[in-house]
Amino acid sequence: MAGEGPARGGAGRGSRAGAARGPDAPGVSAGAGGGGCPAGGNDLQWCFSQVKGAIDEDVAEADIISTVEFNYSGDLLATGDKGGRVVIFQREQENKGRPHSRGEYNVYSTFQSHEPEFDYLKSLEIEEKINKIRWLPQQNAAHFLLSTNDKTIKLWKISERDKRAEGYNLKDEDGRLRDPFRITALRVPILKPMDLMVEASPRRIFANAHTYHINSISVNSDHETYLSADDLRINLWHLEITDRSFNIVDIKPVNMEELTEVITAAEFHPHQCNVFVYSSSKGTIRLCDMRSSALCDRHAKFFEEPEDPSSRSFFSEIISSISDVKFSHSGRYMMTRDYLSVKVWDLNMESRPVETHQVHEYLRSKLCSLYENDCIFDKFECCWSGSDSAIMTGSYNNFFRMFDRNTRRDVTLEASRENSKPRASLKPRKVCTGGKRKKDEISVDSLDFNKKILHTAWHPAENIIAVAATNNLYIFQDKLN
Amino acid sequence: MFARGLKRKSAEDGEDVEGGLAGTQATPSYSLQRQSLLDMSLVKLQLCHMLVEPNLCRSVLIANTVRQIQEEMTQDGTWRVLAPQAAGRAPLDRLVSTEILCRSVREQEGERPAADVGDGRTPGLVPGLSAVPSAQALRSPQSSLWEVDSSRENRGGFQKSLDQIFETLESKTPGSVEELFSDVDSSYYDLDAVLTGMVGSTQSGHGSGLQAFTAAATPPPGSSCRSDLGELDHAVEILVET
């Protein structure tokens, strides 16, 4: 990637990389066609691939994308929106006629996952917004995913139908029942091909287990159980059982007036099915082992970085609140996102993170304004590349940031319609923090805080990323092949 | 409100931060800013979404911020006694710096501020209040009076608010949301009156409607709101009748 300098610390240090690298990007290991192993550690050149969603300025609230997730193979990409809909894109097979272009993602299935509900007991609405989607590993021809809103988790089966049976005995081709007395001969129905139809059906509904708003779901590596976390509790489910769930974490105080900390995110370890972590609004992460007790209120490990006393302010706690936690694919590290930074933790070291990457340190002097307009409560997500060599997270003004952990270089890119020419390289962006604004730089005060990139996803094996910018989904690929 | 963020600057010359006592004390503009932040936070807590359950994380974070301000203002009550009178130099654009650290030591030594705002008692306030009159002797009476009065009423005010907030969050009873607005005119949460009163609110969906509402209701709910809503009711009546 065209870097801006060392990953640590503040505004651009050292000379900019200038123009983006040429089309012949230096040796990134790549297989032919689309099956290349993840390049990760070397410089990547990101290019626009596709954008999904309406163009017009007036964005309907229901179209705002609220979650993005690749499946285990990366062939499917799911998005959920505030209107409760799920849209799944499928990657097209490689086109032999155009060997240089990777497969495109096209709509595969669209369905209404959740509807708005009204809680009559509390006289409050339950939003249909999809908070999270998590795929299950594929076990047969069908695909399964979990989608959740604030209160209810649903297991959806997405299956293809490309054949239909013809020649039934008891009914006509158009489905009308035949008069049994008219049937003089029996025939065996035959299967005939039909246009591909993708059907989504809800197979399980896991409801009534959460008093507070669900913020996370995570499928366990045993592929049989999953957890769901709300502000104060975490529940363990079996995918087959909907009328029961086990409460494994409960931080609700007896006296609600004593409440000072909530759960913000939770995730199962990718390999150890007894281990999960949850993060809090106070910037702490607790790792729990389900073997130790049924109720994991006592953590096995406690991760917290000591506070820097010199930077303490009234906003310190708010900006330390962790909005997302993600294990690395290797299972050795985890990454947390707080308001201004991304931190990588070694699971074996609880005292402090092993890496800290500043996302938009220039906002530190604007915290009061951001508190006033509520932006300080925005929950940004983060994600790992397939090889864990790079991490990505979003920012404002439709910017998103990538950090290469090996080269220690970082880059700011923008998801915008202006850079939407096919295979156009993305130019690194830079925010000017003070003094003279150079050409092509944007000043902090010009940033559009309504254009926030909260949700991003990275293909599990290749350098393909999906970035949700309000109601648009951008897909970028690195310039290989 | 704030055009810029409040910066934290490193200790400047002439300031003995280490000593703690003579350190970065609350200059009038700092107190103003802090008061402003407190007011803003209380407004945020009370403007809970009426259609959808409030975001608990956000409420907890704001409540914690309010508590922090309260603790610092409580400390200020005793703090000003010992701190030398502030020179009229340029105010610093900072919220809190190492002061907090110094104060936490003080806390252990002496009075404890009301850590548990839930029970309504504030043992820490009493010594603070009694110490204030002597502070008045040090400072110009006008400014200290303002600070004392505002902090006193705010302590009472936001403790009540915090209690209400968390009772509401408990959501035990259907009327819990009403409790939050118990001191406000009932038409306040008459949704129809409020929403129809928003001229120019063209977007559908509760989210945007609430945002418009939030933007409109900048003053904290209170008597001013009542009169506004009274006018809105009147306007709606007229519209409906025609």
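Conventions used here
- Residues numbered from 1 in each chain as written.
- Chains lettered and ligands numbered in written order.
- Predicted model: local features only at pLDDT ≥ 70, side-chain atom pairs only at ≥ 80, totals over all residues.
- Heavy atoms only, no water.
- UniProt positions renumbered as here; feature names shortened; annotations may be inferred.
- Helix = DSSP H or I, 4+ residues; strand = E, 2+ residues; numbered from the N terminus.
- Buried < 20%, exposed > 50% of the residue type's maximum accessible area, 1.4 Å probe, protein only.
- Areas by Shrake-Rupley, 256 points an atom, 1.4 Å probe, with all protein chains shown as cover.
- Phe/Tyr/Trp six-rings, centres within 6.5 Å; stacked < 30°, edge-to-face > 60°.
- Lys NZ or Arg CZ within 6 Å of the ring centre and 35° of its normal.
- Pairing = 2+ DSSP bridges.
- Axes fitted to C-alpha atoms, helices over the stretch in contact; angles between N-to-C directions.
- pLDDT = per-residue confidence, 0-100.
- Contact = heavy atoms within 4.5 Å.
- Polar contact = N/O pair within 3.5 Å; in protein donor to acceptor, adjacent residues only side chain to side chain.
- Salt bridge = Lys/Arg side-chain N within 4 Å of Asp/Glu carboxyl O.
- Core = buried A, V, L, I, M, F, W, Y, C linked by side-chain atoms within 4.5 Å.
- Expected span 1.5 Å × (residues − 1).

The name an unreviewed UniProt entry gives chain B is Cell division cycle associated 4, with Canis lupus dingo as the organism.

Under an unreviewed UniProt entry, the name given to chain A is Serine/threonine-protein phosphatase 2A 55 kDa regulatory subunit B, and the organism recorded is Canis lupus dingo. Per its UniProt entry, chain A bears the Sequence similarities (unreviewed entry) comment "Belongs to the phosphatase 2A regulatory subunit B family."

Examining the overall build of chain B
If you tally the helices and strands in chain B, you get 9 helices and 0 strands. For chain B, the residues scored as buried account for 49% of the 242 residues in total. Here chain B has roughly 11,800 Å² of accessible surface; of this, 55% comes from carbon and sulfur atoms.

A closer look at unusual backbone geometry
Residues and elements named next belong to chain A. Phi angles above zero are rare outside glycine, and asparagine 208 is one such case at about 65°. Relative to the helices and strands, asparagine 208 resides in the loop between β11 (190–206) and β12 (216–219). One non-glycine residue, arginine 423, lies in the positive phi region at around 60°. Secondary-structure assignment places arginine 423 in the loop between β27 (410–414) and β28 (430–432).

Details of the packing of aromatic side chains
Here the structure, examined in full by the defined rule, presents 19 aromatic pairs over all chains. Ring geometry for A:Tyr226 versus A:Trp237: centroids 6.0 Å apart, planes at 5°, classification stacked. Taken together, the residues A:Tyr226 in strand β13 (residues 225–229) and A:Trp237 in strand β14 (residues 233–238) connect sequence positions 11 residues apart. A relative accessible area of 0% places A:Tyr226 in the buried class. Judged by centre distance (5.8 Å) and plane angle (80°), the rings of A:Phe303 and A:Trp345 are edge-to-face. With A:Phe303 in strand β19 (residues 301–303) and A:Trp345 in strand β22 (residues 341–346), this pair connects stretches of sequence that are 42 residues apart. For the pair shown, A:Phe303 and A:Trp345 are each scored as buried. Among the aromatic residues, ring-to-ring pairing joins A:Phe48, A:Phe400, A:Tyr474 and A:Phe476 into one connected group. Above the face of the A:Tyr168 ring, A:Lys171 is positioned so that its terminal group lies 4.7 Å from the ring centre. B:Lys44 extends its terminal NZ or CZ atom over the ring of A:Tyr371, reaching a point 5.4 Å from the ring centre.

Considerations on the sheet that holds strand β18 (residues 285–289) of chain A
All names here are of chain A. Read across the sheet, 4 strands follow the order β16-β17-β18-β19 without closing on themselves; strand pairing throughout is antiparallel. The sheet terminates laterally at β16 (263–268) and β19, the two strands that pair on one side only. The mean inter-strand angle of the sheet, taken between neighbouring strand axes irrespective of direction, is 20°.

Description of the confidence of the model for chain A
This prediction gives chain A a mean pLDDT of 88; 89% of its residues lie at or above 70. A low-confidence stretch, residues 1–42 of chain A stays under pLDDT 50, and its non-local contacts, those more than four residues away or across chains, total 89 contacts.

Points about the side chain of B:Asn64
Its place among the elements puts B:Asn64 in helix α2 (residues 56–82). Of the polar contacts made by the side chain of B:Asn64, one reaches the backbone oxygen of A:Thr260; its length is 2.8 Å. Excluding residues that lie within four positions of it along the chain, B:Asn64 makes contacts with A:Leu259, A:Thr260, A:Lys282 and A:Glu317.

Details of the sheet that holds strand β23 (residues 355–358) of chain A
All names here are of chain A. Pairing is antiparallel across the open sheet formed by 4 strands, whose spatial order is β20-β21-β22-β23. The open sheet has two edge strands with one neighbour each: β20 (324–327) and β23. This sheet shows a mean twist of 15° between the axes of neighbouring strands, independent of strand direction. Sheet analysis places β22 next to β23, joined by 4 bridges and oriented antiparallel. Its bridge partner being in β23, valine 344 is matched across the sheet by glutamate 355.

Examining the confidence of the model for chain B
Residue and element names in this part refer to chain B. With 19% of its residues at a pLDDT of 70 or more, chain B has an overall mean of 51. Averaged pLDDT values over the elements of chain B bottom out at 36 in helix α4 (residues 125–138) and peak at 89 in helix α1 (residues 28–46). Ignoring residues within four places in sequence, the model shows residues 1–24, a span with pLDDT below 50, making 56 contacts including any to other chains. Segment residues 171–225: pLDDT under 50, and 66 contacts once partners within four positions in sequence are set aside and those in other chains are kept. Model confidence for the complex is summarised by a pTM of 0.70, with the ipTM given as 0.86.

Here we look at the pairing of strand β26 (residues 399–404) of chain A
Residues and elements named next belong to chain A. Counting buried positions along β26 gives 6 out of 6 residues, so the element sits mostly inside the fold. Going residue by residue along β26, you find Phe399, Arg401 and Phe403 tucked away on one face and Phe400, Met402 and Asp404 tucked away on the opposite face as well. Of the strand pairs in this sheet, strand β25 (residues 390–394) and β26 are connected by 5 bridges, and their pairing is antiparallel. When the sheet's bridge partners are listed, alanine 390 is paired in β26 with aspartate 404. Linking β25 back to β26 in an antiparallel pair, the connection comprises 4 residues, with asparagine 397 at a positive phi of about 60°. The sheet contact formed by β26 and β27 spans 5 bridges and is antiparallel. Following the sheet pairing, phenylalanine 403 is matched in β27 by aspartate 410. As consecutive antiparallel partners, β26 and β27 are separated by 5 residues, and within that stretch arginine 408 has a phi angle of approximately 60°, a positive value.

Regarding the pattern of salt bridges
For side chains bearing opposite charge, pairing can occur when the charged atoms are close. Residue and element names in this part refer to chain A. Inspection of the entire model under this criterion finds 36 salt bridges over all chains. The partner of lysine 82 in a salt bridge is glutamate 61, and the shortest N-O contact between them spans 3.1 Å. Here lysine 82, found in the loop between β3 (76–81) and β4 (85–91), pairs with glutamate 61, found in the loop between β1 (46–52) and β2 (65–70); they are 21 residues apart in sequence, far enough to count as distant. Accessibility expressed as a relative area gives 28% for lysine 82, which makes it partly exposed. Residues arginine 176 and aspartate 172 are paired through a salt bridge, measuring 3.9 Å at the closest nitrogen-oxygen approach. Within the structure, one salt-bridge network assembled from shared partners comprises Asp172, Asp174, Arg176 and Arg178.

Thoughts on the environment of A:Glu115
Structurally, A:Glu115 can be placed in the loop between β5 (105–112) and β6 (117–119). Once the C-alpha coordinates of A:Glu115 and A:Arg85 are considered, the two residues, 30 residues apart in sequence, prove to be 8.7 Å apart.

Looking at the nonpolar core
Membership of the largest hydrophobic core comes to 44 residues, with the highest contact counts inside it found for A:Tyr339, A:Leu363, A:Tyr371 and A:Ile376. Contributions of two or more residues to this core are made by α1 (316–320) and α2 (367–372) of chain A together with α1 and α2 of chain B. If you tally residues by element for this core, the top one is α2(B), at 9 residues. Contact partners of A:Ile376, with chain neighbours within four places excluded, come to A:Phe315, A:Ile318, A:Ile319, A:Tyr339, A:Leu367, A:Leu370 and A:Tyr371.

Observations regarding α1(B)
With 19 residues, α1(B) should reach 27 Å at 1.5 Å per residue; the first-to-last C-alpha distance of 27 Å fits that figure. Counting buried residues along α1(B), 14 of its 19 residues qualify, which places the element largely inside the surrounding structure.

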